[in-house]
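# Working through the structure, step by step
Now for the letters of each chain:
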Amino acid sequence: MIRLLLYGLGGLLLGGIIHIAVILLLPDFANRDAWTSLGRFGPDGTFHLLPMSEPGTEPLPYLDPEMAYAACRFSLENGPIRIKAAMPEDFWSIAVFNRRGNNVYSLNDRSAERSDIDLVIATPVQMAQLRESPIAALDQSIVIEVPITRGFALIRSFVADPTLVSRAEAMLRAANCSAGLPSADTPPPADPDEKN
Amino acid sequence: MRLLIHLAIAIAIAIVVGLGSAALVLDRDRLFGAVTRGAWTAWPDSGSADADPYTAAILARSGEVPLGAGEGLAFAAEEDSAGQRLTGNCRYRVTGQTPPARLWTLTAYDGDGHLMENPARRTAFHSREVLRHEDGGFEIAVARTPEPGNWLPVTTTDRIRLILRLYDTPLAGGASIGDIAMPSIEKVDCS
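Not measured: the values here are computed from a predicted model. (Residues numbered from 1 in each chain as written. Chains lettered and ligands numbered in written order. Predicted model: local features only at pLDDT ≥ 70, side-chain atom pairs only at ≥ 80, totals over all residues.)

This part covers the overall build of chain B. A count of helices and strands for chain B gives 2 helices and 10 strands. Shown N-terminal to C-terminal, the secondary structure of chain B runs as helices and strands in the order α-β-β-α-β-β-β-β-β-β-β-β. Taking 16 Å as the expected radius of gyration for a compact globule of 191 residues, we find that chain B reaches 20 Å, considerably beyond that expectation. Viewed in the frame of its principal axes, chain B has a C-alpha envelope of about 80 × 40 × 30 Å. Taken over 191 residues, chain B has a buried fraction of 39%. In chain B, the proportion of contacts linking residues at least 24 apart, taken out of those at least 6 apart, comes to 67%. (Helix = DSSP H or I, 4+ residues; strand = E, 2+ residues; numbered from the N terminus. Rg over C-alpha atoms; globule rule 2.2 N^0.38 Å. Buried ≥ 20, exposed ≤ 12 C-beta atoms within 10 Å, placed from the backbone. Contact = placed C-beta atoms within 7 Å.)

Looking only at helices and strands, one finds 5 helices and 8 strands in chain A. Mapped in sequence order, the helices and strands of chain A form the string α-α-β-β-β-β-β-α-β-α-β-β-α. Against the 2.2 N^0.38 benchmark of 16 Å for 196 residues, chain A shows a C-alpha radius of gyration of 21 Å, more extended than a compact globule. With respect to the principal axes defined by its C-alpha atoms, chain A has extents near 80 × 50 × 30 Å. Looking at chain A as a whole, 36% of its 196 residues are labelled buried. Restricting the contact set of chain A to residue pairs at least 6 apart, pairs at least 24 apart contribute 67%.

Quick look at the sheet that holds strand 1 (residues 35-37) of chain B now. Residue and element names in this part refer to chain B. As summarised here, the arrangement of the 6 strands in space is 1-2-3-9-5-6, forming an open sheet in which the pairing is antiparallel. Only two strands of the sheet have a single partner each, and these edge strands are strand 1 and strand 6 (124-126). The average undirected angle you get between the axes of adjacent strands in this sheet is 20°. Pairing analysis gives 2 bridges linking strand 2 (residues 40-42) to strand 3 (residues 72-77), with the strands arranged antiparallel. Counterpart to Thr41 in the pairing with strand 3 is Ala76. (Pairing = 2+ DSSP bridges. Axes fitted to C-alpha atoms, helices over the stretch in contact; angles between N-to-C directions.)

Moving on to the sheet that holds strand 8 (residues 150-158) of chain A. All names here are of chain A. Spatially, the 5 strands line up as an open sheet ordered 1-2-8-4-5, and their pairing is antiparallel. On the outer flanks of this sheet lie strand 1 (48-50) and strand 5 (103-108), each paired with one strand and no other. Adjacent strand axes in the sheet meet at a mean angle of 20° when their direction is disregarded. One ladder, built from 3 bridges, connects strand 1 with strand 2 (residues 67-75); its direction is antiparallel. Note that in strand 2 the partner of Leu50 across the bridge is Tyr69. Where helix 5 (residues 165-173) meets the sheet, its contacts fall on strand 1, strand 2 and strand 8, and the angle it forms with strand 2 comes to roughly 10°.

What follows is about the nonpolar core. Nonpolar side chains tend toward joint burial in soluble globular proteins. The biggest cluster of nonpolar side chains holds 82 residues, and the ones touching the most others in it are A:Ala71, A:Ala153 and A:Ile155. Excluding residues within four positions of it along the chain, A:Ile155 makes contact with A:Tyr69, A:Ala70, A:Ala85, A:Trp92, A:Ile94, A:Leu172 and A:Ala175. (Core = buried A, V, L, I, M, F, W, Y, C linked by C-beta atoms within 7 Å.)

A regular strand carries its side chains on alternate faces of the sheet. All names here are of chain A. Taken across its 7 residues, strand 6 (residues 116-122) has 5 buried, putting it largely inside the fold. Where strand 3 (residues 81-86) lies against strand 6, 6 bridges are found, and the strand directions are antiparallel. Paired with Lys84 across the two strands is Asp118, which belongs to strand 6. As defined by bridge partners, strand 6 adjoins strand 7 (residues 142-145) across 4 bridges and the pair is classed as parallel. Bridge assignment links Val120 to a residue of strand 7, and that residue is Val143. Taken together, strand 6, helix 4 (residues 124-132) and strand 7 constitute a β-α-β crossover, and its handedness is right-handed. (Right-handed = clockwise from strand over helix to strand, strands pointing away.)

What follows is about the interface of chain A and chain B. Counting from both sides, the interface comprises 51 residues of chain A and, opposite them, 49 residues of chain B. Only helix 1 (2-29), helix 2 (34-39), strand 4 (92-98), strand 5, helix 3 (109-112) and strand 8 of chain A provide two or more residues apiece to the side of chain A that touches chain B. Sort the elements by how many residues they give to the side of chain A that touches chain B and helix 1 of chain A lands first, with 17 residues. Across the side of chain A that touches chain B, the residue classes tally to 25 nonpolar, 16 polar and 10 charged. (Nonpolar A, V, L, I, M, F, W, Y, C, P; charged D, E, K, R; others polar.)

Summing up the model confidence of chain A, the mean pLDDT is 87 and the portion of residues at 70 or higher is 93%. When pLDDT is averaged over each element of chain A, strand 2 of chain A comes out on top at 95 and helix 3 of chain A at the bottom at 86. (pLDDT = per-residue confidence, 0-100.)

Our focus in this paragraph is unusual backbone geometry. Residue and element names in this part refer to chain B. Positive phi, normally seen in glycine, also occurs at Arg121, with a value near 55°. On the basis of neighbour count, Arg121 is assigned to the exposed category, with 10 C-beta atoms found within 10 Å. If you check the backbone angles, Asp168 has positive phi at about 50° while not being a glycine.

Right, let's get into the domain arrangement of chain B. Domains assigned within chain B are domain 1 (1-30) and domain 2 (34-190). Each of domain 1 of chain B and domain 2 of chain B has a C-alpha centre, and the two are 37 Å apart. (Domains from an automatic or database assignment.)

Pasting the structure below:
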């Protein structure tokens, strides 16, 4: 009898371990998470305009129907990436998430103190390299260091009125998720906004 | 033989307890870091890099993208100010003041978190289009039948959920959320 109790206790302990393992590993195995859902919209490395959130056509759960969205899945394995986008004068924000959907960085138009997005995302190692050989052309960019190699960026743009949807969508469609990163040695090209 | 039976019992207990408790926790609202003001609850940590593992797991399962701390803060309500569950069977009046924010939106969802198709083609109000009283206060009617003024339609008779999103608000910057005025949700009547 005592032995059965001991086995029961062992079962409870093992149950606790299973609980912790399930919670910690679930984000890596979830198949309806934001990363996977965004993969449906097209290839990585470029921004995809998400359809406006309307009944029945919500691209992701609990998106604000008053906002237009564009998302880009990116990888930092081949170097830092640079996001460039011209944005409307009204409220916008951009958030960077890791592969598991945790927010690692966010910014709105007022805290950016400018009306366009010019964001360079680098890993800590790439950041150290950028500091060693600074690139003059990135002086105006916001350079952030994130401890991730894969993730996604989501831009929100407020649409005050349905008549402004097409304008917001046109600007989001033109957002560039892999803008050229000029090298330290060569002078920057005339137009760094190579279309991807 | 006894050993095998005991082992089987232990493993069965482990699986039931482990998976059962994980499922229970994940089906409930987020456990940690909830900030409740009146009828409204926000999870400010869910939009930061140090979200707890339960929040991360719940977000991964739902596919929801939280508002980043630099973007804003979302408050959800599933009950009215008297503590009773919000349903599409009743009419509600959302009145009062909102915390400081450059912009806010109020959106109605059904119990599963989906927007509701309605003839008025309205799923949300934002702070600049809402009709206001002379003192700057506002009143939004949440109901199935048309209402004068600001009418936020619902089409279900089941549970509903309201989400108030504050954009560019000092509340989201990690500072502690003190005594803030949130709009009240009053039940008018039920059908």
